[in-house]
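# Examination of the molecular architecture
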Amino acid sequence: MRIFERIIFVAFAVSAASVVVPARAFDGAPVNPDAALPVVSAMPGTTASMKKAAAKPDSSLTALQYAAEGGHPIAQWKLGRMYADGNGVAQDDLRAFEYFSRIANAHAEDSPSAPQAVIVANAFVALGRYYLDGIPNSKVKVDTERAREMFSYAASYFGNADAQYDLARLYLKGIGAPRDAKYGARWLGLAAQKGQHQAQAVLGQMLFNGEQLPKQMARGLMWLTLARDNASPEESWIRDSYNKAISKASEDDRAMALQMLEIWVQGKRD
């Protein structure tokens, strides 16, 4: 079943699955983590062709295209990213969209524990982001409802943290669905627990400032600290949020945040 037909069918199931998220996820407090998805491994025949391509750079694009035409999701994903980023090829969002669509259409019903599940979920996220902004001068128009459906599927069925973060943002802003701060906070909590640093930053802001959630300054500072430690150089907004919070936090809040942080780190090690 093509994913653009299937998405409509599963939208109700996705919503139902979302409702059962534990209430503790509102503030990102510990919940039972989802089973970690395995690292994606190559499908038969893909590894050898990619190794040959690496040895002969001039043939790399041809090798990937050959593998992609054979239905290998890894090759389709790599080509999609290349065209999306303009890495080694002329930047072409429409071609990237088409490669991501092939993955979604062919693998939407794959098990969340399948080797290629991470790639499939990421393809849904990429498609959702394209639907948020549209692709100029193409058939892909802005469709926020479709974007939400893509994120919902990847977030609920595959448990993808980036999808959970993107979905949370839509609910917090009322884009593609009625605004729902508590529902958005639930998705933020799930993504934050999985280490999605942007979700940690937004959740930390909300908790520290008491924005649409009960104020919990220590827990908010804990999430902001984790987010700051994993932010890229370009994500100055995360560092700014942390700096504002740490300057306002009391000594007690700082001490409690540090204690929570130690428990978090120990839990990850265990």
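Scroll up a little and you will see the structure.
Residues numbered from 1 in each chain as written. Predicted model: local features only at pLDDT ≥ 70, side-chain atom pairs only at ≥ 80, totals over all residues. Heavy atoms only, no water.

## Here we look at the pattern of salt bridges
Note the threshold: For salt bridges, the criterion is a side-chain nitrogen of Lys or Arg within 4 Å of an Asp or Glu carboxyl oxygen. Only DSSP runs of H or I covering at least 4 residues are called helices, and only runs of E covering at least 2 are called strands; the numbering of each starts at the N terminus. Whether a residue is buried, partly exposed or exposed follows from its accessible area with a 1.4 Å probe, protein chains only, as a fraction of its type maximum: under 20%, in between, or over 50%, in that order.
Inspection of every chain in the model, using the stated rule, returns seven salt bridges. In this structure, the salt-bridge partner of R102 is E69, at a minimum N-O distance of 3.0 Å. Of this pair, R102 sits in helix α5 (residues 93–107) while E69 is found in helix α3 (residues 60–69), placing the two residues 33 residues apart along the sequence. Looking at E69, the relative accessible area reads 55%, which means it is exposed. In this structure, the salt-bridge partner of D166 is R129, at a minimum N-O distance of 2.7 Å.

## Things to note about helix α8 (residues 161–173)
Using the following cut-off: A helix is expected to reach a length of 1.5 Å times the quantity of its residues less one. Only heavy atoms enter the contact rule, under which two residues are in contact if any of them lie within 4.5 Å. Under this definition, polar contacts are N or O atom pairs within 3.5 Å; protein pairs additionally need one hydrogen-donor-capable and one acceptor-capable atom, and for neighbouring residues in sequence, both atoms have to be side-chain atoms.
The end-to-end C-alpha distance of α8 is 18 Å, a good match for the 18 Å that 13 residues give at a rise of 1.5 Å each. Within α8, ten of the 13 residues are buried, which leaves the element mostly enclosed by the surrounding structure. Within α8, the full set of buried residues consists of A161, A163, Q164, Y165, D166, L167, A168, L170, Y171 and L172. Looking at the buried residues of α8, the elements they touch are α6 (117–133), α7 (144–156), α9 (181–193) and α10 (197–209). For α8, the N-terminal capping position is held by N160, with its side-chain oxygen 3.0 Å away from the main-chain nitrogen of D162. Looking one or two residues past α8, G174 carries a phi angle of roughly 70°, positive in sign.

## Quick notes on the environment of D143
Along the chain, D143 falls in the loop between α6 and α7. Residue classification places D143 among the partly exposed positions, given a relative accessible area of 31%. Sequence spacing of D143 and G128 is 15 residues, and the spatial spacing of their C-alpha atoms is 9.0 Å.

## Looking at the packing of aromatic side chains
We count it as follows: The criterion for an aromatic pair is that two Phe, Tyr or Trp rings (for Trp, the six-membered ring) have centres within 6.5 Å, with stacked assigned to planes under 30 degrees apart, edge-to-face to planes over 60 apart and tilted to the rest. Here, over-ring charges are defined by two tests on the NZ atom of lysine or the CZ atom of arginine: distance to the ring centre within 6 Å, and angle to the ring normal within 35 degrees.
All told, the structure shown has 13 aromatic pairs when counted by the stated rule. Between the aromatic rings of Y171 and Y183, the centroid separation amounts to 4.6 Å while the plane-to-plane angle is 75°, which identifies the pairing as edge-to-face. Remark: Y183 occurs in helix α9 and Y171 occurs in helix α8; sequence separation between them is twelve residues. Of the two residues examined, Y171 and Y183, each falls in the buried class. Geometrically, the ring pair formed by Y183 and W187 is edge-to-face, given 6.5 Å between the ring centres and 70° between the ring planes. Within this pair, Y183 and its partner W187 are both found in helix α9, separated by four residues, close to a single helical turn. With a relative accessible area of 14%, Y183 lands in the buried category. For W187, a relative accessible area of 2% corresponds to the buried category. Taken together, the ring pairs in this structure connect W77, F97, F100, Y130 and Y131 into an aromatic cluster. Its end group placed over the ring of Y131, R146 keeps NZ or CZ at 5.8 Å from the ring centre. Taking NZ or CZ as reference, R228 lies 4.2 Å from the ring centre of Y242, over its face.

## A short note on the packing of helix α4 (residues 73–85) against α5
For the record, the criterion: In this analysis, axes come from line fits to C-alpha atoms, helices being fitted only over the stretch in contact, and the angle between any two N-to-C directions falls in the range 0 to 180 degrees. When describing relative orientation, an angle under 35 degrees is termed roughly parallel and one over 145 degrees roughly antiparallel, while 65 to 115 degrees is termed roughly perpendicular and anything else oblique. Handedness of each helix crossing follows the sense of rotation of the near helix against the far helix: counterclockwise by less than a right angle gives left-handed, clockwise gives right-handed. We call Asp, Glu, Lys and Arg charged. Ala, Val, Leu, Ile, Met, Phe, Trp, Tyr, Cys and Pro are nonpolar, and the rest, Gly among them, are polar.
Taken N-terminus to C-terminus, the directions of α4 and α5 make an angle of 155°; their axes are 7 Å apart at the nearest point. One element, α4, and the other, α5, form an angle in the roughly antiparallel class. With respect to the hand of their crossing, α4 and α5 are arranged in left-handed fashion. Along the contact surface, α4 presents P73, Q76, W77, L79, G80, R81, Y83 and A84, while α5 presents D93, R95, A96, Y99, F100, R102, I103 and H107. For the contact of α4 with α5, the residue count by class is nine nonpolar, three polar and four charged.

## Comments concerning the environment of A199
Inspection of the secondary structure assignment puts A199 in helix α10. With relative accessibility at 0%, the residue A199 sits in the buried group. In this structure the C-alpha to C-alpha distance between A199 and Y165, which are 34 residues apart in sequence, comes to 5.6 Å. Setting aside residues no more than four positions away along its own chain, A199 makes contact with Y165, L188, A191 and A192.

## A closer look at the nonpolar core
As a reminder of what qualifies: What makes a nonpolar core is a set of buried Ala, Val, Leu, Ile, Met, Phe, Trp, Tyr and Cys residues whose side-chain atoms join them at distances within 4.5 Å.
Counting 67 residues, the largest nonpolar core has F100, F124, W187, L188 and W223 as its most contacted members. Counting residues per element, this core draws most heavily on α6, which supplies eleven residues. If you look at the next biggest cluster of nonpolar residues, it comprises seven residues, including L221, L224, Y242 and A249.

Remember, this is a structural readout, not a statement about activity or role.
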